[in-house]
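# Observations on the three-dimensional arrangement
Each chain, written out:
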Amino acid sequence: MPTCQNCQKQWSWKDSQKAMFQFKKGMKCPYCGVTQYQTSDSQKRTSLVGMAPLLALPIVSLFDSWTITIVIILLASLSYLAVIPFL
């Protein structure tokens, strides 16, 4: 979970998810209001984990059913959304 560099408080999972979907470069700390920026190391880890739904595509191509394909892609995407605040 992100930790504020100003007040040293750790963000909750819910606050991290909300901040992630604001599509801004900086995210305001929910405790002190100071804008926080993602480190380059964190950006690299986030982009690598973001490849998980794409890596599911070759596996999905093995199935002939659209239902199984959609379920696998949804599970990979939901897993990504659940894990990303921890990075």
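Not measured: the values here are computed from a predicted model.

## Some details on the overall build of the protein
Each helix and strand in the protein was counted, giving four helices and two strands. Reading the protein from its N end, one meets helices and strands in the order α-β-β-α-α-α. For the C-alpha atoms alone, the extent of the protein along its principal axes is close to 50 × 20 × 20 Å. Relative to its full complement of 87 residues, the protein shows a buried share of 21%.

## As for the confidence of the model for the protein
Mean pLDDT for the protein: 78, with 92% of residues reaching 70 or above. Element-level pLDDT for the protein is lowest in helix α3 (residues 52-60), with a mean of 73, against a maximum mean of 84 in strand β2 (residues 35-37).

## Looking at the state of the cysteines
This structure, assessed with the given rule, holds zero disulfides. The structure places no disulfide on C7, whose sulfur is separated from the nearest cysteine sulfur, that of C4, by 3.6 Å.

## Brief notes about a nonpolar patch on the surface
Where nonpolar side chains cluster on the molecular surface, the patch consists of M51, L54, L55 and L57 and spans about 400 Å² of accessible area. In this structure, L57 sits in helix α3.

## So, unusual backbone geometry
We note that Q8 has phi near 65°; this positive angle belongs to a residue other than glycine. For Q8, the location among the structural elements is in the segment before α1 (13-20).

## Comments concerning the nonpolar core
Core analysis: the biggest nonpolar cluster contains five residues, these being C4, W11, A19, M27 and C29. The residues touching M27, leaving out its near neighbours within four places in the chain, are W11, A19, M20, V34, T35 and Q36.

## Topic: the environment of Q36
Counting through the fold element by element, Q36 comes out in strand β2. Taking the C-alpha atoms as reference, Q36 lies 14 Å from Q17; in sequence the two are 19 residues apart. With sequence-adjacent residues up to four places away left out, Q36 is seen in contact with T3, C4, Q5, N6, W11, K25, G26, M27 and C29. A polar contact of 3.1 Å, which involves the side chain of Q36, links it to the backbone nitrogen of Q5.

## Digging into α1
Every buried residue of α1 is listed here: S16, Q17 and A19. In a view along the axis of α1, the buried residues occupy a sector of 165°, so they form one face of it. Buried residues along α1 sit in contact with β1 (26-28) and α4 (66-83).

Here is what the cut-offs are and how they apply
- Residues numbered from 1 in each chain as written.
- Predicted model: local features only at pLDDT ≥ 70, side-chain atom pairs only at ≥ 80, totals over all residues.
- Heavy atoms only, no water.
- Helix = DSSP H or I, 4+ residues; strand = E, 2+ residues; numbered from the N terminus.
- Buried < 20%, exposed > 50% of the residue type's maximum accessible area, 1.4 Å probe, protein only.
- pLDDT = per-residue confidence, 0-100.
- Disulfide = S-S within 2.5 Å.
- Patch = residues over 30% accessible without salt bridge, like charges linked within 9 Å, V, L, I, M, F, W, Y side chains within 5 Å.
- Areas by Shrake-Rupley, 256 points an atom, 1.4 Å probe, with all protein chains shown as cover.
- Salt bridge = Lys/Arg side-chain N within 4 Å of Asp/Glu carboxyl O.
- Core = buried A, V, L, I, M, F, W, Y, C linked by side-chain atoms within 4.5 Å.
- Contact = heavy atoms within 4.5 Å.
- Polar contact = N/O pair within 3.5 Å; in protein donor to acceptor, adjacent residues only side chain to side chain.
- Arc of directions from axis to C-beta.

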